[in-house]
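Residue-level structural notes
Residues per chain, in single letters:
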Amino acid sequence: MAQPISDQIAIAGVFSAPYTRSRGMTALAMVTEACVGALRDAGLGPCDVDGLSGSQLVHSNTLQAALGVPEITWWCNQRIPVYHQLFEAMYAVWSGAATTVLVYHVTYRAPGVSRSAAADPFRRRFGLGTNVPNANPDAAVNAVGYATWAGRYLHDYGLDRTTFGMVAVNGRSNALLNEHAAMREPLTMDDYLAARMLREPLTMLDMDLPVDGADAFVVTSTERARDLPRRPVTIHAASMGQARVNNEEQLVDLDHTGQQIAAAAMWSRSDATLRDIDVFLPYDGFSIIETRWFEVIGYCGPGEAYDFMKHHWNTERERIEIDGRVLVNPHGGSLADGGTQGSGHFREAVLQLRGEASEGRQVPGATTALVTSGGFFFNSAAAVLRADEG
Amino acid sequence: MPDHPRSIDEVFDVFPNAPITHDNLDIYLGRLERRLLVKRCRACDRYHEPPRSFCPDCLSGDVAAAPVSGAGRVVLFSRVHTGPAGFGIDYAAGHPIAVVELREQPGLRLSGQFVTPDGRDARLDERVELVWIDRADGPTPAFVPSSEEV
């Protein structure tokens, strides 16, 4: 059931500083580019901003000075993924702590993520940023945590890697229609199955693509957003979710994660149901996460994602079309649009609900989007966004 | 009085890369002597992982490192082909990591290298027992297939 806050807070502007393997820019420059674009998109300037919802990579004080925002009365510097920044901004505007909040997120390919990144002298001087590697070679945490639970999932349901391959192929096929996606070569199931194994059973095509880039969003009241040039996209329902036992190794099982908590709480606050959803944007930082979101959010039961994807597969376009209509990560997701740590999913929701996504990728007449963000351990969230009808 | 005669300086010398804290110091003191320890509450007898100074079940502060068998079953497994350098691990062959649920308590798990003569993968749910291996960063607990099962 809808809550007092439902649809009262809106995203009034969005802009992406494009994600590519290497922008040759600092994180601050990319954030500035995204924020300037989002403000222009919303028909606003720095003087209209009184809140900054920032990241740990570029703190809000740094950005405020760089953008020339005269005064702010509220800010935060949240960890990834970007729903933290978006939800914080929503509550700040709802509470009156700020009226117009600039939300931003940036990724910068740190030298720890690849050999090519390590060879870049600028990145070496930058340090590891938020990509601090695991120091214990035997710990099943971070990426290894996802790999081990992916293996458990396949084992428990008698499935093989083609399940995850469908997630990867769907993302890549969609990215072919997104001119801003970082990976734009077609991908077949055979390509997927031949990909280099990193952490069994997950290959390099099962994990998000390290990229440079930034997204920014203008968050304000729906009432105020209606006076601005763009059609407001409202936050209808949202929840985070975290379970008591949330450590990768100690997690009870995949049926007791933050995903279930976020999904149940979000649906309890929503008038929309799964039947109302026009576009589905599940987080896919690892393919197993998207696989599970189909099941946890209610499209199918545990272990049924493979059958579900197969049943709704468009063999001509090599992508998922739920009931021949609902697209899944039409921007390409983290695996192909780029490892945006969730900001790409919210950006795509806004573009879809404004009817501005490119041809073949736009769901015609989309009014309701479902975004499920984060994974199993300590970063799950879900939200329904709607095109404002006011 | 600590249960171990070894000095704190020695722990930092023998485990130069380990994230040693006041919460897990006892665990590493045990490793020096190849004793596998897990934090256990003396008020409610529950074990917990990762190591903490307060019991997450009853919130008692009377927590101490207690010996465990290291025997249990493999709950999670992955062979990884990339990982932290400096431990002498051959990632080309793949580094087999097992997460083992200890027989002492349901849900209590430790991770470690899975060791077999033929280098095979662990089977999920197979029974294992403790073995100590030596690495650049000191004595390290690892797991071998259970001798009871063979």
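Residues numbered from 1 in each chain as written. Chains lettered and ligands numbered in written order. Predicted model: local features only at pLDDT ≥ 70, side-chain atom pairs only at ≥ 80, totals over all residues. Heavy atoms only, no water.

**Digging into the pairing of strand β1 (residues 9-20) of chain A**
Residue and element names in this part refer to chain A. Operational definition: The classification of residues rests on relative accessible area computed with a 1.4 Å probe and restricted to protein chains. Under 20% of the type maximum is buried, over 50% is exposed, and intermediate values are partly exposed. Helix and strand labels come from DSSP, where a helix needs a run of H or I of at least four residues and a strand needs a run of E of at least two; each type is numbered from the N terminus. Pairing between strands is defined by DSSP: at least two bridges between the two strands are required.
With nine of 12 residues buried, β1 lies mostly within the body of the structure. Here nine bridges tie β1 to strand β7 (residues 212-221), and the two strands are oriented antiparallel to one another. Looking at β7, one finds that glycine 13 is bridged to valine 218. In terms of strand pairing, β1 meets strand β8 (residues 233-241) through two bridges, oriented antiparallel. Across the sheet, alanine 10 pairs through a bridge with threonine 234, a residue of β8.

**Remarks on the domain arrangement of chain B**
All names here are of chain B. For clarity, the cut-off: By convention here, the domain bounds are inherited from an automatic or database domain assignment. When checking whether two residues touch, look at their non-hydrogen atoms; a contact exists if any pair is within 4.5 Å. Reported buried area values correspond to the accessible surface (1.4 Å probe) lost by two parts on association, with both partners' losses combined. Definition used for salt bridges: Asp or Glu carboxyl oxygen within 4 Å of a side-chain nitrogen of Lys or Arg.
Annotation of chain B at the domain level lists domain 1 (8-67) and domain 2 (72-145). Using only C-alpha atoms to locate each centre, domain 1 and domain 2 end up separated by 20 Å. Each partner contributes to the interface: domain 1 provides 15 residues, whereas domain 2 provides 16 residues. Approximately 1,400 Å² of surface area, both sides summed, lies buried where domain 1 meets domain 2, with 65% of it carried by carbon and sulfur atoms. It is Arg34, Leu36 and Tyr47 in domain 1 that bury the most area against domain 2; as a group they hold 45% of the surface buried on that side. Remark: the boundary between domain 1 and domain 2 carries one salt bridge. Arginine 34 is the salt-bridge partner of aspartate 134, the closest N and O atoms lying 2.5 Å from each other.

**A few points about the interface of chain A and chain B**
Contact with chain A, which involves 25 residues of that partner, is made by 33 residues of chain B. Roughly 2,200 Å² is buried in total at the junction of chain A and chain B, and carbon and sulfur atoms are behind 50% of that figure. For the pair chain A and chain B, the interface holds three salt bridges. A salt bridge links B:Asp125 to A:Arg152; its shortest N-O distance comes to 3.1 Å.

**So, the pattern of salt bridges**
Overall, the coordinates contain 28 salt bridges over all chains when judged by the stated rule. A salt bridge links A:Glu348 to A:Arg361, with the nearest nitrogen and oxygen atoms 2.7 Å apart. One end of the pair, A:Glu348, is in helix α14 (residues 343-353); the other, A:Arg361, is in the loop between α14 and β13 (368-373), with 13 residues separating them in the sequence. The exposure class of A:Glu348 is buried, given its relative accessible area of 0%. With a relative accessible area of 7%, A:Arg361 lands in the buried category. Here B:Asp121 and B:Arg79 are joined by a salt bridge, their closest N and O atoms 2.7 Å apart. Highlighted residues: B:Asp121 in the loop between β6 (109-114) and β7 (127-135) and B:Arg79 in strand β4 (residues 72-80), separated in sequence by 42 residues. Linked by salt bridges that have partners in common, A:Asp41, A:Arg230, A:Arg354 and A:Glu356 make up one network.

**A look at the packing of aromatic side chains**
Residue and element names in this part refer to chain A. Short version of the rule: For Phe, Tyr and Trp, where Trp contributes only its six-membered ring, two rings pair if their centres lie within 6.5 Å, and the inter-plane angle classes them as stacked under 30 degrees, edge-to-face over 60, or tilted in between. Definition used: whenever NZ (Lys) or CZ (Arg) falls within 6 Å of the ring centre and also within 35 degrees of the ring normal, the charge is taken to sit over that ring.
Applying the stated criterion across every chain, the model contains 15 aromatic pairs over all chains. Their ring planes at 40° and their centres at 5.4 Å tell us that tyrosine 146 and phenylalanine 376 sit as a pair that is tilted. On the criterion of sequence distance, the pair formed by tyrosine 146 in helix α6 (residues 142-157) and phenylalanine 376 in the loop between β13 and β14 (380-387) is long-range, its members being 230 residues apart. Assigned by exposure class, tyrosine 146 and phenylalanine 376 land together as buried. One cation-aromatic arrangement involves arginine 123 over tyrosine 108; the distance from NZ or CZ to the ring centre is 4.8 Å.

**Structural notes on the nonpolar core**
All names here are of chain A. Put simply, the rule is: Here, the term nonpolar core denotes a set of buried Ala, Val, Leu, Ile, Met, Phe, Trp, Tyr and Cys residues that are joined through side-chain atoms within 4.5 Å.
Phe280, Ile288, Phe294 and Tyr299 are the most contacted members of the largest nonpolar core, which totals 59 residues. Top contributing element to this core by residue count: α6, with eight residues. Phenylalanine 294 has contacts with Phe280, Tyr299, Cys300, Ala305, Phe308, Met309, Ile320, Ile322 and Val328, leaving out every residue within four places of it along the chain. Listed in part, the 38 residues of the second largest apolar core include Ile11, Val233, Ala349 and Ala387.

**Description of the sheet that holds strand β1 (residues 37-41) of chain B**
All names here are of chain B. Condition: For every element, the axis is a line fit to its C-alpha atoms; helices are fit only across the contacting stretch, and the angle between N-to-C directions ranges from 0 to 180 degrees.
Taken in spatial order, the three strands line up as β2-β1-β3 in an open sheet, and their pairing is antiparallel. Edge positions in the sheet fall to β2 (47-48) and β3 (63-67), since each has one partner strand and no second. Sitting on the sheet, helix α2 (residues 25-32) touches β1 and β3, and the angle it makes with β1 is about 140°.

**Some words on the packing of helix α1 (residues 27-42) of chain A against helix α2 (residues 60-67) of chain A**
Residues and elements named next belong to chain A. Quick note on the threshold: Just so you know how the angles are binned, under 35 degrees is roughly parallel, over 145 roughly antiparallel, 65 to 115 roughly perpendicular, and the rest oblique. In this scheme the crossing of two helices becomes right-handed for a clockwise turn of the near helix relative to the far one and left-handed for an anticlockwise turn of less than a right angle. For this classification, the nonpolar set comprises Ala, Val, Leu, Ile, Met, Phe, Trp, Tyr, Cys and Pro, the charged set comprises Asp, Glu, Lys and Arg, and every other residue, Gly included, is treated as polar.
One can describe the packing of α1 onto α2 by two numbers: an axis separation of 10 Å at closest approach and a directional angle of 60°. In terms of axis orientation, α1 runs oblique to α2. Of the two elements, α1 crosses α2, and the hand of that crossing is right-handed. Residue-level inspection shows Leu28, Val31, Thr32, Cys35 and Val36 of α1 in contact with α2, the latter providing Thr62, Leu63, Ala66 and Leu67. Split by residue class, the contact of α1 with α2 holds seven nonpolar, two polar and no charged.

**Digging into unusual backbone geometry**
Put simply, A:Glu200 and A:Pro201 share a cis peptide bond, and its omega is 5°. The residue A:Pro201 is located in the loop between β5 (197-199) and β6 (202-203) in this model. In this structure, B:Pro50 follows B:Glu49 across a cis peptide bond, with omega equal to -10°. The phi torsion at A:Asp7 lies on the positive side, around 65°, for a residue other than glycine.

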